[in-house]
Amino acid sequence: MAKILEVKYESQAQARVCEVAYESQADLCWHEVGYDTQASGDAAWFFVAYENQASFKIFKVKYESQADLKVFKVKYPDQAGWRNLSHPLKGKLG
């Protein structure tokens, strides 16, 4: 279950994430879900408020060159998933 916490400091994060402009640039396309029980795998994200609720902590960066993971938010759950199947973070977010 991908319960994501966006942290304020890079040192607290497990990965630096950059939101890219186009799906073709992304390593992972993600879909935001409304309830924590809907969060599944790496691509269905539910944002949490506290560290003890999180399965993965991210720090957002502005530039792709700074990122460990490039992501693109999709509108529908069936569009979500890994685009870079050999990415080292695959299977680690959930």
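In what follows, the structure referred to is the one given above.
Residues numbered from 1 in each chain as written. Predicted model: local features only at pLDDT ≥ 70, side-chain atom pairs only at ≥ 80, totals over all residues. Heavy atoms only, no water.

Focus on the pattern of salt bridges
- As enumerated under the stated definition, the model contains eight salt bridges in all.
- Aspartate 36 serves as the salt-bridge partner of lysine 3, at 3.8 Å between the closest nitrogen and oxygen. Here the residue lysine 3 occupies a position in strand 1 (residues 2-6), and aspartate 36 occupies one in the loop between strand 3 (28-32) and strand 4 (44-47), the gap between them amounting to 33 residues.
- Taking relative accessible area as the criterion, aspartate 36 reaches 33% and is therefore assigned partly exposed.
- The partner of glutamate 51 in a salt bridge is lysine 57, with the nearest N and O atoms 3.0 Å apart.
- Given a relative accessible area of 53%, glutamate 51 falls into the exposed group. (Salt bridge = Lys/Arg side-chain N within 4 Å of Asp/Glu carboxyl O. Helix = DSSP H or I, 4+ residues; strand = E, 2+ residues; numbered from the N terminus. Buried < 20%, exposed > 50% of the residue type's maximum accessible area, 1.4 Å probe, protein only.)

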